[in-house]
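Here are the chains, one letter per residue:
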Amino acid sequence: MSPLPVSAVLPELLAALKHSPQVLLAAPTGAGKSTWLPLQILQQADFEGRILLLEPRRLAARNVAQRLAEQCNEEPGGTVGYRLRAETRVGRNTRLEVVTEGILTRMLQQDPMLDGVSLVILDEFHERSLQADLALALLLDVQQGLRDDLKILLMSATLDNQRLSQMLPDAPVIISEGRSFPVERRYSALQTQLRFEDAVAREVSQLLRSETGSLLLFLPGVGEIQRVKTLLMDRIDPDVDLCPLYGALSLSEQQRAILPAADGRRKVVLATNIAETSLTIEGIRLVVDSGTERTARFDVRTGITRLQTQRISQASMTQRAGRAGRLAPGICLHLISKEQAERAAMQSDAEILHSDLASLWLDIVLWGCHDSTQLRWLDLPPAPALQAAQRLLCRLGATAENGSLTGKGRKLSPLGSDPRYGVLLLEAGDDADRVATAARLVAMLEEPPRGDYIDLRESFSRNEPHWQRRAQQLQNRLNSRGGSPDSELIAPLLAAAFPDRIARRRGQDGRYQLANGTGAVVDREHALTRSEWLIAPLLLQGNAQPDARILQAIPVDIERLIRQCPQLVESNTAVEWDDAKGTLKAWRRDAIGALVLKAHPLARPDSDELHAAMLNWIREKGLSVLNWSPDAVQLRQRLQCAAQWLPEGEWPVCDDVTLLATLERWLLPMMSGVQELKALRQISLDSALLQLLTWSQRQRLDSALPTHYTVPTGSRLPIRYDATLPPVLAVRLQEMYGESQSPCIAEGRVPLVLELLSPAQRPLQITRDLAGFWRGAWAEVQKEMKGRYPKHLWPDDPANALPTKRTRKFSPPS
């Protein structure tokens, strides 16, 4: 048996896989769960089919496959193989395939049965990548409906076992011990008077001078890696090699960071969180953890992703510290205070909560679901991000207005690309030159060049080997042969996939407006600023910057682009309020999204166009531009209360967002003959809102939540409704004589709050318990009222007295 710690739980794990469809394995860094365990399962479990091992990163997948293959005395492609986005090494005898996340999703879409696969292992599941969450949801669906014999093994160093166990209550949880080498964890907050890079370089150089062994430094991003590397070159001994490690590096550069230092030398690996899991970096004894990471956050409003630097979770700190104790006792220096570390979140947020969900939604629809809740998720995809994804896919032509897949949408999955890139490839059609151009563009956009290559034309002329391999792979998927990339074809291809990223210059300082309405900026000294129009497929939103930064763009001749892509231009009628005249003005506008090409006023616009424009104007200005009478306000409140108190009635949602989104349903039918703002404001909104209700709903609303309540004297008094407060009935106290209990509405579920008034209509008491008031506080109120209104009736037993509306003086009986 191997000395690796995970070997101790191998018998238990094999037994669990034999009897359970899902198994959870928690094994710390260095236990051997990635680079040893899968091969043992293959050799010792009684599985007829292949094993798929999902790794979240390409670098880790290739490295894990290599180490597993070495144990078989083979090269990858024999018993052990791998499939990456642009590289595949799998043979006829391959039984253990290491795959990246997008590959597994595409395999499931092409063959939901996963024919010939017995076990799927999801490694490093604690990272909660978007594709891993999707893969688990699809695999659970396969198990439930198609393959009850398929096994799923979830592995991680820091599994969120409580939540996973709630989701998979029958899954055994197996826990493996880690390496026995202790790691001394130190904490030291960076000096605030120094720049981040200077402070980090100082701590690293001090640790290298006082301790032996190679060092792994975790930094948030590539920029920090390059700057710290420059600083360290002047501060460390010449026998120390500096080795960056991040995803965009070439394979040879990545291998240099992973392999042991040469004899007599040490190394410092400067890495992003790519080195946190899966990768075995040889010879590391020291770890310096900056305590930060850079995460992508998708803005559903702008459709642009921003990079955010943030504190890492306690789970990530544990992972990083574990890298120091794999081969010998080690030291991990966290560059934050111990108090800050203890206040950090326990686990990192799942990617699904803050990512662009266009690819996810396309996969869900391709799977045959039109409601994400039909699948099982650890974290349900957020509704706003799903709605943004649905709008984008519809704009790209991948889905129809009703959300169903179009022919174009069905062709996207086999391409294995982001939906935008897939549309770009499909836009090329059958022309070999257009396909070659599209394939080159996608390869470049998937892995943008390092350095100052903002102008796409400069990058397009470079012959990078990895771009050529990826482009050839995409051409093969499109069954296209030959063809030559042509820079003249770039603009119309990009416009099909990025119509919202067409940009027009505003001012002379490199600022542009995008077709989606947001701002973007390019360095004012760059030659691109001489072009009035750009297409900018790659953008990045800064944390504190109002405009997105243009990472790659190409100048375009807009007139030529419109001739090539006439569908980009939309003609519509817009309505504006003329403050000087106090009237609405109608305009016919030709525009690419928010970018107006030309506009002219309309004297007598078509009613349908005018009404559509009015609705858009209301959406822009808000519901307050309409005439909300007290009756309309109360009807809206009653509908919101009905949804709370009578939820089984499926009442329409009446918040501002929903009402603005459904104007065509409830307001448009009331707009016949409306040509100006005055007439618009004369519409009865209470009648308009009733358009949202069926006849039976109207009947039930009037019965269960009436506008008025008839008190014992026969007076019909209004009920005040509020969606956040109980309903209120203001009534003179004397008119409630003879009523022993508080009246209720909502079919007896909600008591009215009684605002009991004096004969002069002054508030005396507020209560939801009339019987309790008669028994208790009434005595004091009676005493006070007899003194203030001696000639009115103030009975000792008001619950059994006759109600009265009399307010005139009368002589009491002698």
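The rules we used
Residues numbered from 1 in each chain as written. Predicted model: local features only at pLDDT ≥ 70, side-chain atom pairs only at ≥ 80, totals over all residues. Heavy atoms only, no water. Buried < 20%, exposed > 50% of the residue type's maximum accessible area, 1.4 Å probe, protein only. Helix = DSSP H or I, 4+ residues; strand = E, 2+ residues; numbered from the N terminus. Pairing = 2+ DSSP bridges. Domains from an automatic or database assignment. Contact = heavy atoms within 4.5 Å. Buried area = accessible area lost by both parts, 1.4 Å probe. Salt bridge = Lys/Arg side-chain N within 4 Å of Asp/Glu carboxyl O. 1 Å grid on protein atoms, 1.4 Å probe; cavity = no way out; pocket = protein on both sides within 12 Å on 5 of 7 lines; lining within 4 Å. Points joined across faces, edges and corners; volume = space filled by probe spheres on them. Nonpolar A, V, L, I, M, F, W, Y, C, P; charged D, E, K, R; others polar. Axes fitted to C-alpha atoms, helices over the stretch in contact; angles between N-to-C directions. Disulfide = S-S within 2.5 Å. Phe/Tyr/Trp six-rings, centres within 6.5 Å; stacked < 30°, edge-to-face > 60°. Lys NZ or Arg CZ within 6 Å of the ring centre and 35° of its normal.

Across the five residues of strand β10 (residues 214-218), five count as buried, placing the element largely inside the fold. With burial as the criterion, each face of β10 is covered, one bearing Ser214, Leu216 and Phe218 and the other bearing Leu215 and Leu217. In the sheet, β10 pairs with strand β13 (residues 284-289) via five bridges, with the strands oriented parallel. Paired with Leu215 across the strands is Leu286, a residue of β13. Bridge analysis of β10 against strand β12 (residues 266-271) gives four bridges, and the strand direction is parallel. Counterpart to Leu217 in the pairing with β12 is Leu270.

The domains assigned to the chain are domain 1 (5-175), domain 2 (183-352), domain 3 (357-453 + 463-479), domain 4 (598-705) and domain 5 (714-788). The C-alpha-based centres of domain 4 and domain 5 are spaced at 34 Å. Counting residues at the interface gives 13 residues for domain 4, matched by 12 residues for domain 5. Across the interface of domain 4 and domain 5, roughly 1,000 Å² is buried in total on both sides, 56% from carbon and sulfur atoms. Summed over the three residues of domain 4 that lose the most area to domain 5, namely Gln634, Trp645 and Ala704, the buried surface amounts to 47% of that side. At the boundary of domain 4 with domain 5, the tally comes to two salt bridges. The closest approach of N and O atoms between Glu747 and Arg700, which form a salt bridge, is 2.8 Å.

Before going further, it helps to examine the layout of surface pockets. Considering only enclosed or pocket space, the second largest pocket measures out at about 1,700 Å³ in volume. Surrounding the second largest pocket, 45 residues form its lining, Arg395, Ala515, Glu570, Gly593 and Ala594 being those nearest its centre. For the lining of the second largest pocket, the leading source of residues is strand β22 (residues 570-578), giving seven residues. Its residues assigned to classes, the lining of the second largest pocket comprises 22 nonpolar, nine polar and 14 charged.

Here six strands make up an open sheet; going across it, the order is β9-β16-β13-β10-β12-β11 and the pairing parallel. Lying at the two open borders of the sheet, with one neighbouring strand each, are β9 (183-187) and β11 (240-245). Direction aside, the axes of adjacent strands within the sheet are offset by 15° on average. Note that β13 and strand β16 (residues 330-334) share four bridges and pair parallel. Within β16, the position partnered with Leu286 by the bridge is Ile331. Running over the sheet, helix α7 (residues 196-210) touches β9, β10, β12, β13 and β16 and is turned about 160° from β10.

This next bit is on the sheet that holds strand β27 (residues 725-732). Taken in spatial order, the five strands line up as β25-β26-β27-β30-β31 in an open sheet, and their pairing is mixed. Of all strands in the sheet, those bounded by a partner on one side alone are β25 (708-710) and β31 (763-767). Ignoring strand direction, the axes of neighbouring strands in this sheet form an average angle of 25°. Judged from the four bridges that link them, strand β30 (residues 753-757) and β31 form a sheet pairing that is antiparallel. Looking across to β31, one finds that Glu755 is bridged to Ile766. Packing against the sheet, helix α22 (residues 630-645) makes contact with β26 (716-722) and β27, and its axis sits at approximately 65° to β26.

The subject of this paragraph is the state of the cysteines. Summed over all chains, the structure comprises zero disulfides. Cys654 carries a free sulfur, and the closest cysteine sulfur to it, the one in Cys641, is 11 Å from it. Judged by relative accessible area, Cys654 falls into the buried class, the value being 2%.

The final tally for this structure, using the stated rule, is eight aromatic pairs. Taking 6.2 Å as the distance between ring centres and 75° as the angle between the ring planes, the aromatic pair formed by Phe773 and Trp778 counts as edge-to-face. According to the relative accessible area criterion, Phe773 is buried, its value standing at 3%. Seen in terms of ring centroids, Trp778 and Trp794 are 6.4 Å apart; in terms of plane orientation they differ by 40°. Their pairing is tilted. Of this pair, Trp778 sits in helix α29 (residues 778-788) while Trp794 sits in the segment after α29; the two residues are 16 residues apart in sequence, bridging distant segments of the chain. Here Trp778 matches Trp794 in class, with each residue buried. Taken together, Tyr737, Phe773, Trp774, Trp778 and Trp794 form an aromatic cluster joined through their ring pairs. Taking the ring centre of Phe460 as reference, the NZ or CZ of Arg440 above it sits at 5.5 Å. The ring of Trp628 carries Arg636 above its face, with NZ or CZ at 5.4 Å from the centroid.

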